[in-house]
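Residue-level structure breakdown
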Amino acid sequence: MSSTPLYRAFGIRDYQVVRTASSKAGLTLHLRQGAARDRCSACQSVNVIRHGTVERTIRTLPVGGQSVDLCLPVPRLGCRDCGLVRQAAIRFARPFRRLTHALERYALDLLGHMTIQAVAEHLKVGWDAIKDLFKCRLQARFGQPKLKRLKRIAIDEISVGHGHRYLTVVLDLNTGAVVFIGQGKGADALNPFWKRLRAAHAKIHAVATDMSPAYLFAVRENLPKAVHVFDHFHVVKLFNERLSDFRRDLQREAEGPPGKTVLKGTRWLILKNPENLDEARGERTRLEEALRINQPLATAYYMKEEFRHFWEQDNLKDATRFLDDWCRRAEASKLSVLQKTASSFQMHRTGLLNYHRCPISTGPLQGVNNKIKTLQRQAYGYRDQEFFHLRIYSIHRAKYELVG
Ligand SMILES: [Zn+2]
(Lines give C-alpha, C1' and ligand atoms only; values in the text may rest on other atoms or scores of the structure.)
Protein backbone atom coordinates (compact mmCIF):
# COMPACT_ATOMS: atom_id res chain seq x y z
CA MET A 1 0.00 0.00 0.00
CA SER A 2 1.41 3.34 -0.92
CA SER A 3 0.59 6.53 0.92
CA THR A 4 -2.43 7.30 -1.26
CA PRO A 5 -4.85 4.59 0.00
CA LEU A 6 -3.74 5.46 3.54
CA TYR A 7 -4.80 9.01 2.89
CA ARG A 8 -8.04 8.01 1.17
CA ALA A 9 -9.08 5.58 3.89
CA PHE A 10 -7.83 7.28 7.04
CA GLY A 11 -6.82 10.80 6.06
CA ILE A 12 -3.19 10.16 6.89
CA ARG A 13 -0.50 11.88 4.84
CA ASP A 14 3.28 11.71 4.89
CA TYR A 15 3.39 8.05 5.91
CA GLN A 16 3.81 4.82 4.03
CA VAL A 17 2.72 1.34 4.95
CA VAL A 18 5.77 -0.86 5.13
CA ARG A 19 4.10 -4.03 6.38
CA THR A 20 0.61 -5.34 7.10
CA ALA A 21 -0.10 -7.89 9.80
CA SER A 22 -3.45 -9.55 10.25
CA SER A 23 -4.62 -11.51 13.26
CA LYS A 24 -7.86 -12.46 15.01
CA ALA A 25 -7.64 -9.22 16.91
CA GLY A 26 -7.57 -7.19 13.71
CA LEU A 27 -5.34 -5.51 11.25
CA THR A 28 -2.03 -3.81 12.06
CA LEU A 29 -0.45 -1.43 9.60
CA HIS A 30 3.22 -0.72 10.21
CA LEU A 31 3.96 2.77 9.04
CA ARG A 32 7.06 4.70 8.22
CA GLN A 33 7.22 8.42 8.03
CA GLY A 34 8.13 9.93 4.70
CA ALA A 35 10.81 12.55 4.36
CA ALA A 36 9.26 15.06 6.73
CA ARG A 37 11.26 17.63 8.53
CA ASP A 38 11.67 17.03 12.27
CA ARG A 39 10.22 19.78 14.40
CA CYS A 40 10.08 20.34 18.14
CA SER A 41 6.51 19.60 19.20
CA ALA A 42 6.63 22.35 21.80
CA CYS A 43 8.13 25.36 20.01
CA GLN A 44 7.99 24.16 16.37
CA SER A 45 11.74 24.83 15.99
CA VAL A 46 13.59 22.81 13.35
CA ASN A 47 16.78 23.13 15.39
CA VAL A 48 16.48 19.57 16.74
CA ILE A 49 18.49 16.37 16.99
CA ARG A 50 17.10 12.82 17.18
CA HIS A 51 17.41 10.78 20.35
CA GLY A 52 16.22 7.44 19.01
CA THR A 53 12.56 6.50 18.48
CA VAL A 54 9.60 5.16 20.45
CA GLU A 55 7.11 2.71 19.02
CA ARG A 56 3.52 3.93 19.25
CA THR A 57 0.34 2.07 18.41
CA ILE A 58 -2.69 4.15 17.58
CA ARG A 59 -6.10 2.80 16.76
CA THR A 60 -7.97 4.19 13.80
CA LEU A 61 -11.34 3.60 12.12
CA PRO A 62 -12.28 -0.07 11.75
CA VAL A 63 -12.47 -1.57 8.28
CA GLY A 64 -14.93 -4.34 7.45
CA GLY A 65 -15.70 -4.90 11.12
CA GLN A 66 -12.01 -5.35 11.91
CA SER A 67 -10.05 -3.06 14.16
CA VAL A 68 -7.12 -1.26 12.55
CA ASP A 69 -4.00 -0.36 14.49
CA LEU A 70 -1.33 1.93 13.17
CA CYS A 71 2.09 1.05 14.46
CA LEU A 72 4.86 3.55 13.90
CA PRO A 73 8.22 4.65 15.25
CA VAL A 74 8.07 8.16 16.61
CA PRO A 75 11.34 10.04 16.89
CA ARG A 76 12.35 11.58 20.20
CA LEU A 77 13.69 15.00 19.49
CA GLY A 78 16.03 17.12 21.54
CA CYS A 79 15.34 20.79 20.90
CA ARG A 80 18.24 23.21 21.02
CA ASP A 81 15.91 26.17 21.36
CA CYS A 82 13.77 25.12 24.30
CA GLY A 83 16.14 22.55 25.70
CA LEU A 84 13.56 19.73 26.00
CA VAL A 85 13.53 16.19 24.70
CA ARG A 86 10.06 15.23 23.42
CA GLN A 87 8.32 12.89 21.09
CA ALA A 88 7.71 14.41 17.70
CA ALA A 89 4.07 15.39 17.16
CA ILE A 90 1.91 13.05 15.09
CA ARG A 91 -0.49 14.90 12.86
CA PHE A 92 -3.27 12.37 13.03
CA ALA A 93 -3.49 11.93 16.80
CA ARG A 94 -3.29 14.03 19.94
CA PRO A 95 -0.21 13.67 22.16
CA PHE A 96 -0.38 10.62 24.43
CA ARG A 97 -3.65 9.47 22.89
CA ARG A 98 -4.19 6.00 21.54
CA LEU A 99 -6.92 6.94 19.08
CA THR A 100 -6.61 8.90 15.85
CA HIS A 101 -8.42 12.21 15.36
CA ALA A 102 -10.66 10.49 12.81
CA LEU A 103 -11.67 7.76 15.24
CA GLU A 104 -12.27 10.31 18.01
CA ARG A 105 -14.49 12.41 15.78
CA TYR A 106 -16.46 9.39 14.68
CA ALA A 107 -16.88 8.17 18.26
CA LEU A 108 -18.13 11.59 19.39
CA ASP A 109 -20.63 11.60 16.53
CA LEU A 110 -21.90 8.19 17.53
CA LEU A 111 -22.22 9.22 21.18
CA GLY A 112 -25.10 11.40 20.07
CA HIS A 113 -27.01 8.25 19.16
CA MET A 114 -25.58 5.35 21.14
CA THR A 115 -24.45 4.42 24.63
CA ILE A 116 -20.76 4.49 25.56
CA GLN A 117 -20.84 0.70 25.70
CA ALA A 118 -22.32 0.41 22.20
CA VAL A 119 -19.80 2.86 20.73
CA ALA A 120 -16.92 1.03 22.41
CA GLU A 121 -18.07 -2.31 21.01
CA HIS A 122 -18.78 -0.95 17.57
CA LEU A 123 -15.37 0.72 17.26
CA LYS A 124 -13.50 -2.09 19.04
CA VAL A 125 -12.14 0.28 21.63
CA GLY A 126 -12.23 -0.02 25.44
CA TRP A 127 -15.15 1.48 27.37
CA ASP A 128 -12.77 3.67 29.38
CA ALA A 129 -11.23 5.18 26.27
CA ILE A 130 -14.64 6.21 24.93
CA LYS A 131 -15.76 7.50 28.29
CA ASP A 132 -12.56 9.56 28.67
CA LEU A 133 -13.07 10.99 25.23
CA PHE A 134 -16.66 11.91 26.07
CA LYS A 135 -15.58 13.42 29.36
CA CYS A 136 -12.93 15.58 27.65
CA ARG A 137 -15.49 16.84 25.18
CA LEU A 138 -17.98 17.68 27.95
CA GLN A 139 -15.23 19.27 30.02
CA ALA A 140 -14.34 21.58 27.15
CA ARG A 141 -17.91 22.59 26.47
CA PHE A 142 -19.55 22.56 29.90
CA GLY A 143 -16.71 22.47 32.44
CA GLN A 144 -17.03 26.14 33.32
CA PRO A 145 -20.62 27.34 33.10
CA LYS A 146 -20.75 31.04 32.31
CA LEU A 147 -22.58 32.95 35.01
CA LYS A 148 -22.11 36.52 33.85
CA ARG A 149 -25.35 36.74 31.87
CA LEU A 150 -27.56 34.97 34.38
CA LYS A 151 -30.80 36.84 34.98
CA ARG A 152 -33.48 34.47 36.21
CA ILE A 153 -32.65 31.28 38.07
CA ALA A 154 -34.41 28.43 39.86
CA ILE A 155 -32.84 26.56 42.77
CA ASP A 156 -33.95 23.21 44.17
CA GLU A 157 -32.52 20.10 45.71
CA ILE A 158 -32.93 16.74 44.07
CA SER A 159 -32.36 13.30 45.51
CA VAL A 160 -29.96 11.05 43.64
CA GLY A 161 -29.36 7.35 43.90
CA HIS A 162 -30.40 5.27 46.84
CA GLY A 163 -30.30 6.51 50.40
CA HIS A 164 -30.39 10.17 51.17
CA ARG A 165 -27.94 11.70 48.75
CA TYR A 166 -28.84 15.13 47.52
CA LEU A 167 -27.62 17.57 44.94
CA THR A 168 -28.57 21.23 44.92
CA VAL A 169 -29.10 22.35 41.35
CA VAL A 170 -29.26 25.88 39.94
CA LEU A 171 -30.98 26.32 36.60
CA ASP A 172 -30.75 29.25 34.19
CA LEU A 173 -34.43 29.86 33.43
CA ASN A 174 -33.60 31.76 30.24
CA THR A 175 -31.56 29.02 28.57
CA GLY A 176 -32.67 25.91 30.47
CA ALA A 177 -29.04 25.09 31.31
CA VAL A 178 -27.89 23.76 34.65
CA VAL A 179 -25.29 26.28 35.82
CA PHE A 180 -24.34 24.90 39.21
CA ILE A 181 -24.40 21.58 41.05
CA GLY A 182 -23.75 21.60 44.79
CA GLN A 183 -23.19 18.61 47.02
CA GLY A 184 -25.92 17.97 49.58
CA LYS A 185 -28.78 20.30 50.36
CA GLY A 186 -29.46 23.39 52.42
CA ALA A 187 -27.66 26.73 52.48
CA ASP A 188 -24.11 25.31 52.63
CA ALA A 189 -24.48 23.53 49.31
CA LEU A 190 -24.88 26.91 47.62
CA ASN A 191 -21.86 28.68 49.08
CA PRO A 192 -19.53 27.99 46.13
CA PHE A 193 -22.26 29.24 43.79
CA TRP A 194 -22.56 32.64 45.48
CA LYS A 195 -18.80 32.96 45.34
CA ARG A 196 -18.68 32.28 41.60
CA LEU A 197 -21.63 34.58 41.02
CA ARG A 198 -19.83 37.46 42.70
CA ALA A 199 -16.66 36.73 40.73
CA ALA A 200 -18.66 36.79 37.49
CA HIS A 201 -20.37 40.11 38.41
CA ALA A 202 -23.71 38.60 37.49
CA LYS A 203 -26.83 40.70 38.03
CA ILE A 204 -29.57 38.29 39.01
CA HIS A 205 -33.04 39.71 38.55
CA ALA A 206 -35.20 36.89 39.95
CA VAL A 207 -34.89 33.60 41.85
CA ALA A 208 -37.45 30.82 42.30
CA THR A 209 -37.16 28.40 45.24
CA ASP A 210 -39.40 26.60 47.70
CA MET A 211 -40.38 28.28 50.98
CA SER A 212 -37.66 26.73 53.13
CA PRO A 213 -35.91 29.11 55.55
CA ALA A 214 -32.50 28.02 54.27
CA TYR A 215 -33.21 29.48 50.82
CA LEU A 216 -35.00 32.47 52.28
CA PHE A 217 -31.93 33.55 54.23
CA ALA A 218 -29.40 32.55 51.59
CA VAL A 219 -31.13 34.56 48.86
CA ARG A 220 -31.72 37.54 51.12
CA GLU A 221 -28.07 37.59 52.09
CA ASN A 222 -26.49 36.93 48.72
CA LEU A 223 -28.95 38.47 46.28
CA PRO A 224 -30.62 41.24 48.24
CA LYS A 225 -31.79 43.00 45.07
CA ALA A 226 -33.32 39.98 43.37
CA VAL A 227 -37.07 39.23 43.30
CA HIS A 228 -37.42 36.04 45.33
CA VAL A 229 -40.42 34.01 44.13
CA PHE A 230 -41.80 31.06 46.06
CA ASP A 231 -42.47 28.30 43.63
CA HIS A 232 -46.18 27.56 43.31
CA PHE A 233 -45.78 23.79 42.90
CA HIS A 234 -44.08 23.65 46.27
CA VAL A 235 -46.77 25.85 47.86
CA VAL A 236 -49.56 23.63 46.53
CA LYS A 237 -47.66 20.54 47.67
CA LEU A 238 -47.31 21.91 51.19
CA PHE A 239 -51.00 22.75 51.31
CA ASN A 240 -51.89 19.29 50.01
CA GLU A 241 -49.79 17.62 52.69
CA ARG A 242 -51.58 19.55 55.39
CA LEU A 243 -54.97 18.76 53.92
CA SER A 244 -54.05 15.11 53.74
CA ASP A 245 -53.11 15.09 57.45
CA PHE A 246 -56.35 16.86 58.26
CA ARG A 247 -58.40 14.26 56.37
CA ARG A 248 -56.57 11.45 58.18
CA ASP A 249 -57.34 13.03 61.57
CA LEU A 250 -61.00 13.38 60.59
CA GLN A 251 -61.14 9.76 59.51
CA ARG A 252 -59.60 8.68 62.80
CA GLU A 253 -62.10 10.75 64.78
CA ALA A 254 -65.15 9.68 62.77
CA GLU A 255 -67.28 7.44 64.96
CA GLY A 256 -67.88 4.27 62.98
CA PRO A 257 -69.72 4.07 59.66
CA PRO A 258 -71.03 5.77 57.65
CA GLY A 259 -68.54 8.63 58.19
CA LYS A 260 -65.51 6.38 58.34
CA THR A 261 -66.39 4.37 55.26
CA VAL A 262 -67.10 7.45 53.23
CA LEU A 263 -63.78 9.09 54.15
CA LYS A 264 -61.82 5.93 53.59
CA GLY A 265 -59.71 5.99 50.45
CA THR A 266 -60.55 9.61 49.63
CA ARG A 267 -57.00 10.86 50.19
CA TRP A 268 -56.05 10.87 46.50
CA LEU A 269 -59.35 12.35 45.45
CA ILE A 270 -58.80 15.32 47.72
CA LEU A 271 -55.30 15.89 46.37
CA LYS A 272 -56.30 15.54 42.74
CA ASN A 273 -57.11 18.60 40.70
CA PRO A 274 -60.90 18.43 40.18
CA GLU A 275 -60.52 18.50 36.40
CA ASN A 276 -58.49 15.27 36.64
CA LEU A 277 -61.10 13.29 38.55
CA ASP A 278 -62.04 10.09 36.77
CA GLU A 279 -65.80 10.15 36.14
CA ALA A 280 -65.92 6.58 34.86
CA ARG A 281 -64.55 5.29 38.15
CA GLY A 282 -67.03 7.36 40.13
CA GLU A 283 -64.29 9.49 41.67
CA ARG A 284 -66.27 12.67 41.54
CA THR A 285 -69.32 11.06 43.20
CA ARG A 286 -67.19 9.59 45.97
CA LEU A 287 -65.47 12.89 46.63
CA GLU A 288 -68.77 14.76 46.69
CA GLU A 289 -70.23 12.20 49.10
CA ALA A 290 -67.27 12.59 51.46
CA LEU A 291 -67.47 16.36 51.34
CA ARG A 292 -71.27 16.37 51.82
CA ILE A 293 -71.05 14.31 54.95
CA ASN A 294 -68.12 16.20 56.41
CA GLN A 295 -68.44 19.96 56.54
CA PRO A 296 -64.92 20.83 57.84
CA LEU A 297 -63.28 18.72 55.14
CA ALA A 298 -65.45 20.37 52.51
CA THR A 299 -64.49 23.84 53.68
CA ALA A 300 -60.79 23.02 53.69
CA TYR A 301 -61.04 21.36 50.29
CA TYR A 302 -62.83 24.22 48.58
CA MET A 303 -60.50 26.75 50.13
CA LYS A 304 -57.55 24.80 48.77
CA GLU A 305 -59.10 24.63 45.32
CA GLU A 306 -59.84 28.32 45.44
CA PHE A 307 -56.29 29.23 46.33
CA ARG A 308 -55.08 27.86 43.01
CA HIS A 309 -56.62 30.95 41.42
CA PHE A 310 -54.08 33.05 43.28
CA TRP A 311 -51.57 32.42 40.49
CA GLU A 312 -54.09 33.33 37.81
CA GLN A 313 -54.63 36.87 39.06
CA ASP A 314 -53.99 39.53 36.42
CA ASN A 315 -51.75 41.83 38.38
CA LEU A 316 -50.07 42.45 41.70
CA LYS A 317 -52.93 44.56 43.03
CA ASP A 318 -55.57 41.91 42.38
CA ALA A 319 -53.28 39.21 43.73
CA THR A 320 -52.72 41.16 46.95
CA ARG A 321 -56.45 41.62 47.40
CA PHE A 322 -57.06 37.94 46.66
CA LEU A 323 -54.42 36.80 49.16
CA ASP A 324 -55.68 39.05 51.95
CA ASP A 325 -59.27 38.05 51.37
CA TRP A 326 -58.40 34.36 51.30
CA CYS A 327 -56.35 34.61 54.52
CA ARG A 328 -59.16 36.48 56.28
CA ARG A 329 -61.68 33.80 55.39
CA ALA A 330 -59.23 31.06 56.35
CA GLU A 331 -58.81 32.67 59.77
CA ALA A 332 -62.59 32.98 60.16
CA SER A 333 -63.14 29.31 59.29
CA LYS A 334 -61.84 28.28 62.73
CA LEU A 335 -60.26 25.24 61.08
CA SER A 336 -56.73 24.75 62.31
CA VAL A 337 -55.51 23.47 58.95
CA LEU A 338 -56.63 26.66 57.22
CA GLN A 339 -55.49 28.98 60.00
CA LYS A 340 -52.05 27.41 59.99
CA THR A 341 -51.81 27.71 56.23
CA ALA A 342 -53.03 31.31 56.29
CA SER A 343 -50.37 32.23 58.80
CA SER A 344 -47.60 30.65 56.72
CA PHE A 345 -48.91 32.50 53.68
CA GLN A 346 -48.84 35.74 55.61
CA MET A 347 -45.32 35.02 56.76
CA HIS A 348 -44.22 34.31 53.18
CA ARG A 349 -46.41 36.98 51.71
CA THR A 350 -43.71 38.80 49.74
CA GLY A 351 -42.39 35.64 48.15
CA LEU A 352 -45.90 34.56 47.14
CA LEU A 353 -46.82 37.95 45.71
CA ASN A 354 -43.48 38.17 43.91
CA TYR A 355 -44.87 35.70 41.41
CA HIS A 356 -46.90 38.61 40.08
CA ARG A 357 -43.76 40.71 39.74
CA CYS A 358 -41.91 37.95 37.94
CA PRO A 359 -43.90 34.82 37.00
CA ILE A 360 -41.21 32.15 37.35
CA SER A 361 -41.17 28.75 39.05
CA THR A 362 -38.90 25.81 39.70
CA GLY A 363 -41.04 23.78 37.27
CA PRO A 364 -38.31 23.49 34.60
CA LEU A 365 -36.05 21.92 37.23
CA GLN A 366 -38.54 19.08 37.50
CA GLY A 367 -37.83 18.23 33.88
CA VAL A 368 -34.09 18.24 34.59
CA ASN A 369 -34.71 16.04 37.61
CA ASN A 370 -36.48 13.45 35.45
CA LYS A 371 -33.63 13.45 32.95
CA ILE A 372 -31.10 12.95 35.76
CA LYS A 373 -33.10 9.93 36.92
CA THR A 374 -32.93 8.53 33.38
CA LEU A 375 -29.16 9.07 33.33
CA GLN A 376 -28.82 7.28 36.62
CA ARG A 377 -30.85 4.28 35.57
CA GLN A 378 -28.14 3.49 33.08
CA ALA A 379 -26.00 0.86 34.62
CA TYR A 380 -22.77 2.74 35.09
CA GLY A 381 -23.61 4.13 38.48
CA TYR A 382 -21.46 7.16 37.87
CA ARG A 383 -18.61 6.29 40.15
CA ASP A 384 -16.85 9.16 38.43
CA GLN A 385 -18.69 12.02 40.03
CA GLU A 386 -17.12 14.69 37.86
CA PHE A 387 -18.33 12.86 34.76
CA PHE A 388 -21.84 12.58 36.24
CA HIS A 389 -21.92 16.31 36.93
CA LEU A 390 -20.71 17.09 33.40
CA ARG A 391 -23.53 14.98 32.02
CA ILE A 392 -25.98 17.03 34.07
CA TYR A 393 -24.46 20.29 32.82
CA SER A 394 -24.93 19.08 29.26
CA ILE A 395 -28.43 17.69 29.80
CA HIS A 396 -30.26 20.52 28.05
CA ARG A 397 -28.14 19.96 24.94
CA ALA A 398 -28.75 16.21 24.68
CA LYS A 399 -30.04 16.04 21.14
CA TYR A 400 -31.42 12.54 21.08
CA GLU A 401 -32.28 10.09 23.79
CA LEU A 402 -30.18 10.42 26.89
CA VAL A 403 -27.77 7.73 26.02
CA GLY A 404 -24.90 6.12 27.93
ZN1 LIG B 1 11.54 23.42 21.25
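Now for a description of the structure that goes with this document.

Rules and cut-offs
- Residues numbered from 1 in each chain as written.
- Predicted model: local features only at pLDDT ≥ 70, side-chain atom pairs only at ≥ 80, totals over all residues.
- Heavy atoms only, no water.
- Helix = DSSP H or I, 4+ residues; strand = E, 2+ residues; numbered from the N terminus.
- Rg over C-alpha atoms; globule rule 2.2 N^0.38 Å.
- Buried < 20%, exposed > 50% of the residue type's maximum accessible area, 1.4 Å probe, protein only.
- Contact = heavy atoms within 4.5 Å.
- Areas by Shrake-Rupley, 256 points an atom, 1.4 Å probe, with all protein chains shown as cover.
- Lys, Arg positive; Asp, Glu negative; His and termini not counted.
- Charge placed at Lys NZ, Arg CZ, Asp CG, Glu CD.
- Phe/Tyr/Trp six-rings, centres within 6.5 Å; stacked < 30°, edge-to-face > 60°.
- Expected span 1.5 Å × (residues − 1).

Our focus in this paragraph is the overall build of the protein chain. Looking only at helices and strands, the protein chain has 16 helices and 10 strands in total. Its C-alpha atoms give the protein chain a radius of gyration of 31 Å, more than 25% over the compact-globule value 22 Å for 404 residues. Dimensions of the protein chain along its principal axes, counting C-alpha atoms only, are 95 × 50 × 35 Å. Here the protein chain holds 404 residues, and the buried ones make up 45% of them. Considering only contacts in the protein chain between residues 6 or more positions apart, those separated by 24 or more positions represent 55%. For the protein chain, the accessible surface area stands at approximately 22,300 Å², while carbon and sulfur atoms represent 50% of it. Between the centroid of the 66 positive side chains of the protein chain and the centroid of its 39 negative side chains there is a distance of 10 Å.

So, about the environment of Gln139. When you line up the elements, Gln139 lands in helix H4 (residues 127-142). The class for Gln139 is partly exposed, based on a relative accessible area of 35%. Sequence spacing of Gln139 and Tyr393 is 254 residues, and the spatial spacing of their C-alpha atoms is 9.7 Å.

Under the definition given, this model contains 15 aromatic pairs. Centre to centre, the rings of Tyr301 and Tyr302 are 5.3 Å apart; their planes meet at 75 degrees, and the pair counts as edge-to-face. Using a relative accessible area of 3% as the deciding quantity, one classes Tyr301 as buried. Judged by relative accessible area, Tyr302 falls into the partly exposed class, the value being 47%. Consider the rings of Phe307 and Trp326, whose centres lie 4.9 Å apart with planes at 65 degrees: the pair is edge-to-face. Pair noted here: Phe307 is in helix H11 (residues 295-307) and Trp326 is in helix H12 (residues 316-332), with a separation of 19 residues, a long-range link. Neither residue differs from the other here; Phe307 and Trp326 are each classed as buried. Of the aromatic side chains, those joined through ring pairs into one cluster are Phe239, Phe307, Phe310, Trp311, Phe322, Trp326 and Phe345.

Now for H4. Its 16 residues give H4 an end-to-end C-alpha distance of 22 Å, which sits within 8% of 22 Å, the value for a rise of 1.5 Å per residue. For H4, the complete set of buried residues consists of Ile130, Lys131, Leu133, Phe134, Lys135, Leu138 and Phe142. For H4, the elements touching its buried residues are helix H2 (101-111), helix H3 (116-123) and helix H16 (385-393).

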